[in-house]
Amino acid sequence: MNEILVQILIIVGVLLGTVTIAAGLIYVERKMLAVWQQRSGPNRVGPFGIFQVLADMVKIFFKEDWIPPFVDKKVFIIAPTIIMLSILMSFSIVPFAPGIVIADLNIGLLFFLAMSSLGAYTIVLAGWASNNKYSLLGGMRGAAQMISYEVFMGLSLMGVVIQVGSFNMTDIVNAQKGLWFVVPQFVGFIIFLIAGVAETHRLPFDLPEAESELIAGFHSEYSGMKFGMFFVGEYLGITLVSCMITILFFGGWLGPSFLPPIVWFLIKMFAFILFFVLLRAALARPRYDQLMSFGWKLLLPLALLNVLITGAVVLSNA
Amino acid sequence: MAKVIIDNVEYEVPDGKNMLEVCLSLGMDLTYFCWHPAMHSVGACRQCAVIQYRDENDTRGKIVMSCMVDAVNGTRISLQDQKGKDFRAGNIESLMLNHPHDCPVCDEGGECHLQDMTVMSGHNYRRYRFNKRTHVNQDLGPFVYHEMNRCIQCYRCVRFYNDYAGGKDFGVFASSGRVYFGRSESGTLENEFSGNLVEICPTGVFTDKTLRKHYTRKWDLTSAPSICHQCSVGCNTLASERYGGLRRILSRYNGDVNGYFLCDRGRFGYEYVNDDKRLTKVAQKATSDTDAFASVKNLVGSKPRMIGIGSPRASLESNFMLKQLVGEENFYQGIPQHEAQLAETAFNLLRTVGVKTPSLSEIETYDAVLVLGEDVTNTAPMIALALRQAAKNQPREEAYKLKIQKWNDAAIREVVQDRTGPFYTATPCSTKLDEIATQKFTGDTNHLLALSDKIIAAIAGSQGGNDNTDAYANDVAKALLSCKKPLVVSGTGMMSKEILLAAAGIARALKVSGKEAGLTFAVPEVNSMGLALIGGKYWDEAVARVQSEKDTIAIVMETNLAYRFGKKNAESFLKNCKQVVMIDSLENETTAFADFILPAGTFAESTGTVINNEGRAQRFYEVFVPKNEIRSSWAWIDQLTHSKESARHFDTIVEEMIAHYPILEKIRDLAPDANSRIGTQKIPRETHRYSGRTAMNANISVHEPKPPLDEDSPLTYTMEGYHGKAPSKAIPYFWSPGWNSLQSINKYQIEVGGPLHGGNPGIRLIEAGDNTGGDLKNTGSNKTNNGTFEVLPSHHIFGGDELSAKSAPLATRIPDTTVSISSSALQRSGIEGAESLSINYDGEAHSFKIKIDNSLPDNVLMLPKGFNETKGLLFPFFTEISKG
Amino acid sequence: MLSNVRTLWMVFLKMFKKKVTIQYPEKKAYLPPRWRGRIILSRDPDHNERCVACYLCAAACPVDCISLQATEDENGRRYPEFFRINFSRCIFCGLCEDACPTYAIQLTPDFEMGEYNRQNLVYEKEDLLIDGMGKYHGYSFYQQAGVAVGVKPKGGGEKEDPPVDVRTLLP
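Residues numbered from 1 in each chain as written. Chains lettered and ligands numbered in written order. Predicted model: local features only at pLDDT ≥ 70, side-chain atom pairs only at ≥ 80, totals over all residues. Heavy atoms only, no water.

All names here are of chain B. Of all the residues in helix H14 (residues 393–401), the buried ones are Asn393, Pro395 and Ala399. Take H14 and look down its axis: the buried residues cluster within an arc of 155 degrees, on one side only. If you follow the buried residues of H14, they end up packed against helix H13 (381–390) and helix H15 (409–416). Directly after H14, the chain includes Lys403, whose backbone phi takes a positive value near 65 degrees. (Buried < 20%, exposed > 50% of the residue type's maximum accessible area, 1.4 Å probe, protein only. Helix = DSSP H or I, 4+ residues; strand = E, 2+ residues; numbered from the N terminus. Arc of directions from axis to C-beta. Contact = heavy atoms within 4.5 Å.)

If you look at the interface, chain B gives 48 residues, while chain C gives 49 residues. Overall, the association of chain B and chain C removes approximately 3,800 Å² of surface from exposure, summing both partners, and the carbon and sulfur fraction of that is 49%. Sorting the residues of chain B by area buried against chain C places Thr134, Arg178 and Val702 of chain B first, and these three jointly supply 17% of that buried surface. The closest approach of N and O atoms between Glu147 of chain B and Lys154 of chain C, which form a salt bridge, is 2.6 Å. Inspection of the region where chain B meets chain C yields 33 residue pairs in polar contact (both at pLDDT 80 or more). Looking at which element gives the most residues to the side of chain B that touches chain C, the answer is strand S6 (residues 132–134) of chain B, with three residues. Of the residues in the side of chain B that touches chain C, the class split is 18 nonpolar, 16 polar and 14 charged. In this structure, S6 of chain B lies alongside strand S6 (residues 160–163) of chain C, joined through two bridges in parallel fashion. By the bridge assignment, Lys132 of chain B is partnered in S6 of chain C with Glu160 of chain C. (Buried area = accessible area lost by both parts, 1.4 Å probe. Salt bridge = Lys/Arg side-chain N within 4 Å of Asp/Glu carboxyl O. Polar contact = N/O pair within 3.5 Å; in protein donor to acceptor, adjacent residues only side chain to side chain. Nonpolar A, V, L, I, M, F, W, Y, C, P; charged D, E, K, R; others polar. Pairing = 2+ DSSP bridges.)

Attention now moves to the sheet that holds strand S13 (residues 245–251) of chain B. All names here are of chain B. What the three strands build is an open sheet, ordered S11-S12-S13; its pairing is antiparallel. Pairing within the sheet leaves two strands with one partner each, and these edge strands are strand S11 (222–227) and S13. In this sheet, adjacent strand axes meet at a mean angle of 30 degrees when their direction is disregarded. (Axes fitted to C-alpha atoms, helices over the stretch in contact; angles between N-to-C directions.)

Summarising the model, chain B shows a mean pLDDT of 90, and 97% of its residues fall at 70 or more. In the predicted complex, the global pTM is 0.83; the interface-specific ipTM is 0.89. (pLDDT = per-residue confidence, 0-100.)

On to the pairing of S13 of chain B, then. Walk down a regular strand and you will see the side chains alternate between the two sheet faces. Counting buried positions along S13 of chain B yields seven of seven residues, so the element is predominantly enclosed. Here strand S12 (residues 236–242) of chain B folds back onto S13 of chain B, and the loop between the two strands holds two residues, one of which, Tyr243 of chain B, carries a positive phi near 50 degrees.

Okay, the sheet that holds strand S23 (residues 579–584) of chain B next. All names here are of chain B. Taken in spatial order, the six strands of this open sheet run S14-S24-S23-S22-S15-S16, and their pairing is mixed. Looking at the sheet topology across the chains shown, the edges are occupied by strand S14 (283–284) and strand S16 (331–333). Summarising the sheet, strand S22 (residues 553–557) and S23 pair through five bridges and their orientation is parallel. Residue Ile555 lies in a different strand from S23, and its bridge partner there is Val581. Strands strand S15 (306–310), S16 and S22 of the sheet are contacted by helix H9 (residues 316–326), whose axis makes an angle of about 165 degrees with S15.

It is worth spelling out the packing of aromatic side chains at this point. Per the counting criterion, the structure on display carries 54 aromatic pairs over all chains. Ring geometry for Tyr149 of chain A versus Phe152 of chain A: centroids 5.1 Å apart, planes at 80 degrees, classification edge-to-face. Here Tyr149 of chain A and its partner Phe152 of chain A are both found in helix H5 (residues 133–164), three residues apart, which amounts to about one turn of the helix. For Tyr149 of chain A, a relative accessible area of 0% gives the class buried. According to the relative accessible area criterion, Phe152 of chain A is buried, its value standing at 0%. Between Tyr155 of chain B and Phe181 of chain B, the ring centres sit 4.9 Å apart and the planes meet at 90 degrees, which makes this aromatic pair edge-to-face. On the criterion of sequence distance, the pair formed by Tyr155 of chain B in the loop between strand S7 (144–146) and helix H4 (156–164) and Phe181 of chain B in strand S9 (residues 180–182) is long-range, its members being 26 residues apart. (Phe/Tyr/Trp six-rings, centres within 6.5 Å; stacked < 30°, edge-to-face > 60°.)

If you want it as structure tokens, here you go:
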């Protein structure tokens with residue numbers, strides 16, 4: 001009975017926590033972008049503008065939720081919910097601290113990969129349902145980009161899996177007690193980082209919504225809370241990828257014991273979230289063909305090589 | 001063909017051209033001012049200078065004026081040579097020394113040949129720092145605005161006005177730096193073609209005064225290809241709109257019809273489109289709160305006894321649709337029976353008599369002319385302009401014999417001087433063309449008919465007696481037989497069927513004697529020929545019908561019954577109808593009698609086809625969508641009969657019409673259909689520089705309205721579409737990169753002055769066969785002679801047409817209504833010295849002021865046709881006169 | 001690749017630099033006279049409208065937000081009957097000012113023209129016309145032009161000779 005209660009508490013906690021963080025990122029991102037661009041950022045609503053999040057939320061909730069007459073209505077409504085669902089599902093396998101995990105699956109990593117693949121649907125469906133050429137272009141770009149980078153993302157993680165010998169997330173964290181995987185799996189880390197940015201189609205890889213070319217790409221026709229779902233979905237994605245990097249390469253909750261494990265986890269996670277924001281502040285968007293050739297011609301061989309070498313080393317050690 | 005070398009590239013060009021024409025025809029950009037494709041070269045402005053080389057070894061070359069260089073085999077010139085370029089830039093700098101800093105307030109700005117040429121020559125900085133010479137302007141009347149400071153002394157204006165159009169009251173004065181182009185004193189330009197100065201002048205010395213009242217730059221105008229509706233010639237025009245008002249009319253080049261020119265009635269008689277008295281709303285007489293249009297629709301839908309009154313002012317489609325609505329046996333022509341029969345006679349004669357009726361531009365190629373009974377200067381002015389050119393053909397031959405090239409205008413004029421070729425007039429009174437006539441003859445209808453018979457006899461070889469008429473007839477016959485291409489010009493001006501038959505008889509006799517004869521008829525109105533083709537019962541039957549059948553509903557389309565039949569007749573007719581539906585554009589005396597009014601578009605707000613005096617079908621397009629309920633008459637009628645919200649498409653209606661009238665088969669090719677595209681694009685009515693789209697309606701609402709779609713034509717109402725050269729059948733404006741003025745027409749022609757790329761628009765429905773046939777006996781009854789004076793209509797270019805007379809600028813030129821009589825006739829009648837005289841018409845006395853015209857025969861009076869005081873009079877009639 | 005890393009580092013360092021933001025509206029920025037803000041129509045030294053309704057500004061406008069109609073006074077002096085700028089469309093590019101041959105249309109250093117109702121952003125001539133000469137003093141187009149139009153006698157402008165006597169016989 002008690003266990004079930006705890007489990008429910010964890011589920012509710014993770015759900016609220018992640019969504020709150022994602023919403024909070026609206027403020028964090030705007031503020032940090034400003035800081036890196038020598039501006040003030042939001043500073044009108046509340047002290048240091050921290051209620052900007054609330055203002056934005058209120059605004060987005062009360063905006064007219066317009067469904068254009070020419071769209072495929074059902075798909076148009078379903079599309080934004082998929083990204084929210086698939087990413088929130090992924091959070092169920094994330095161990096935030098020992099015991100704070102919704103479902104400690106033994107194939108946790110595969111579950112994460114599977115769920116993140118579903119994210120491609122949201123873009124394709126949104127692009128298609130909008131019945132608009134820019135949306136369609138955005139959707140097509142998104143599909144190609146996400147499906148391609150999923151390949152390297154999966155492969156880059158295989159090094160970690162080979163070293164640990166398990167897909168279980170808790171096992172992976174525990175395997176890093178001696179040395180964080182970022183050191184032996186440095187190449188895997190870089191590839192995963194880049195692929196993670198591409199998977200969440202964050203800047204500089206935001207080609208599906210490239211506003212200078214495609215207005216807003218796949219979500220051109222969206223407004224109100226449906227747009228808000230994409231928006232929050234994107235921040236959830238960042239949070240998720242940051243969590244995964246923390247777990248897979250930076251030892252998860254592991255850290256000196258003067259702070260509780262969950263805090264360590266959050267510190268590491270926020271560091272990567274900030275890194276994502278820095279990427280946005282600093283880098284320019286590559287051309288679409290550059291993105292694809294970079295993936296297939298550089299990251300793929302590199303990832304394969306990484307798997308090959310890790311496998312060889314593990315094999316020779318055994 | 002000759003081979004010439006331009007900038008080391010060899011081109012094959014037709015013989016008899018000069019190098020400027022050759023370069024322009026080849027699509028090259030070369031600057032020029034004084035040369036004009038219709039007036040050829042004088043070599044005055046020095047702007048078309050190029051470098052000519054002896055042969056391929058000659059590297060220095062010499063500067064020559066390309067417009068004065070014959071394009072013969074081996075001519076070698078260069079446009080790109082720096083010396084030539086420098087010369088042209090330097091020349092334009094000199095021409096521009098005194099040109100004022102006026103462009104912002106000059107009406108020519110934006111379509112100025114001088115601007116274009118300055119940019120093209122590369123002269124872009126004024127180095128001259130000293131004082132500019134100035135001139136005092138003249139007031140040249142209501143049409144043309146004069147600003148002499150801007151003149152660059154190219155002499156085009158005098159060459160057109162005096163040499164081409166035969167004007168007498170304009171000239172060039174003073175010498176050296178003081179040269180002045182204008183009249184000897186301020187005053188209205190009298191020539192009927194003065195408006196062309198606006199287009200001829202390469203800069204802004206002469207500008208359109210009517211446009212000035214509501215000035216708009218060329219690039220801001222929404223324009224559509226249109227057809228002039230002010231007489232039967234059907235000149236091609238460009239009608240332009242801005243802010244819902246018609247702004248101006250320009251000539252639209254058509255190598256087969258009007259070429260570069262227009263008459264003043266056509267150019268300046270458009271203002272009635274903007275009149276305050278326009279009917280703009282569907283209206284119902286006894287106003288109730290129901291939808292007026294629904295009431296009309298119910299009325300028509302209840303299948304009452306209906307008659308339709310068609311009009312020669314309305315398009316083929318409108319007349320056809322009305323005929324379809326009311327049924328064949330209920331369609332009447334809204335013109336006096338006599339006039340309807342005249343148009344039918346003219347139409348049938350052109351088809352049956354076997355003599356070619358030349359197009360307007362072909363008239364210029366005839367070398368002997370007989371004008372029978374028609375004052376073409378006033379009834380069809382552009383024919384008069386063409387005849388003036390035809391009259392020069394024979395003396396010109398002499399110049400050609402001296403090996404002077406055809407384009408060498410100055411030299412030819414030196415040879416020709418004032419001489420004209422064989423040109424004979426036979427009219428009731430002396431006309432303006434008499435000044436170029438070899439001999440003239442005046443007489444009443446019977447005299448003219450007798451003369452015609454004698455001419456026919458003389459042509460056939462039998463010599464007549466020795467009286468005055470015979471001598472004239474013999475001279476005419478001899479002259480017509482001694483030339484290559486004789487032309488007989490006549491028309492409905494005298495309102496006499498016999499005159500038409502006589503003219504056809506002369507032309508046929510000439511053809512039988514082996515001449516390449518031509519026959520041209522001027523008819524009363526823009527679509528008189530079309531109405532004759534559509535056919536319809538006569539007016540008198542309609543009058544009888546409404547008297548006997550009291551429950552008749554009349555649909556009167558684009559006809560002012562009071563104008564055509566007199567107020568009294570119109571009122572009694574309208575009162576006899578149970579209900580009257582009027583489809584018209586302007587409020588008039590009869591609109592008060594209408595139970596329902598449907599506002600019809602004028603030529604500017606409707607699309608349609610009209611047939612001109614030579615049987616050429618031509619399409620005119622809606623220029624703009626009015627912001628009120630105005631629309632084409634055919635669209636109204638279509639909406640009355642079909643249940644749909646909007647009318648069917650124009651092309652559908654044309655197809656339906658062709659199905660009923662196989663003779664119209666060819667008009668399917670008159671214009672690209674509404675679905676045709678250039679690539680994927682339609683042709684825009686607005687230029688690519690059209691401005692103010694997001695502000696022009698912002699005072700009404702800041703939210704921009706959706707632009708109207710055009711489903712009836714290949715054109716669009718917006719600036720979106722194909723901005724290259726439009727196909728010749730749908731040219732909304734002339735423009736080419738670097739050529740903003742009307743001179744850009746060069747780029748639309750296969751060779752300058754020749755046909756347009758893709759062929760001149762318009763399709764001739766009548767072609768004479770080889771068989772000379774047709775019965776030329778008059779079958780109608782002659783009018784009974786119940787008076788000593790025959791009253792004939794005189795025509796006036798300004799005021800002789802119902803609608804254009806309502807245009808304010810034209811209205812100021814309408815002369816007083818006077819009765820013309822010779823002084824000897826006055827003397828004979830014993831009312832010498834009277835100021836006005838009274839005549840009998842239909843049992844009523846009418847009094848008019850007297851104008852003495854001693855060229856009139858003693859038994860003829862002339863009254864202006866179509867003036868306010870004379871409307872409804874059916875010419876010709878006989879009367880006694882008395883003082884009063 | 002390395003340049004990207006360098007960029008990241010440099011942008012990261014911006015964190016420690018002073019902020020450049022001016023806290024508008026508490027503090028106002030200095031706007032130079034040639035700042036491209038609210039558009040006005042100026043008058044010439046004789047206090048007449050400078051605008052001669054030549055339509056060049058309308059033609060130059062890339063968003064077509066200027067619309068006007070020319071008319072004339074009894075002397076033939078051109079001026080706009082109406083002159084309308086739809087500021088809800090204006091992009092303040094200043095091409096109208098460049099195109100203006102008479103210095104009539106000018107952009108000013110004022111940008112505070114927000115409205116709650118878009119319709120209020122449509123400015124008519126009464127809203128645009130100011131009483132002064134704006135940035136360019138002393139210029140009067142009609143003194144330079146060749147037309148007279150009641151401003152001066154024919155030939156009375158700058159750098160103009162008196163009108164030619166057509167009837168003189170002198171060489």
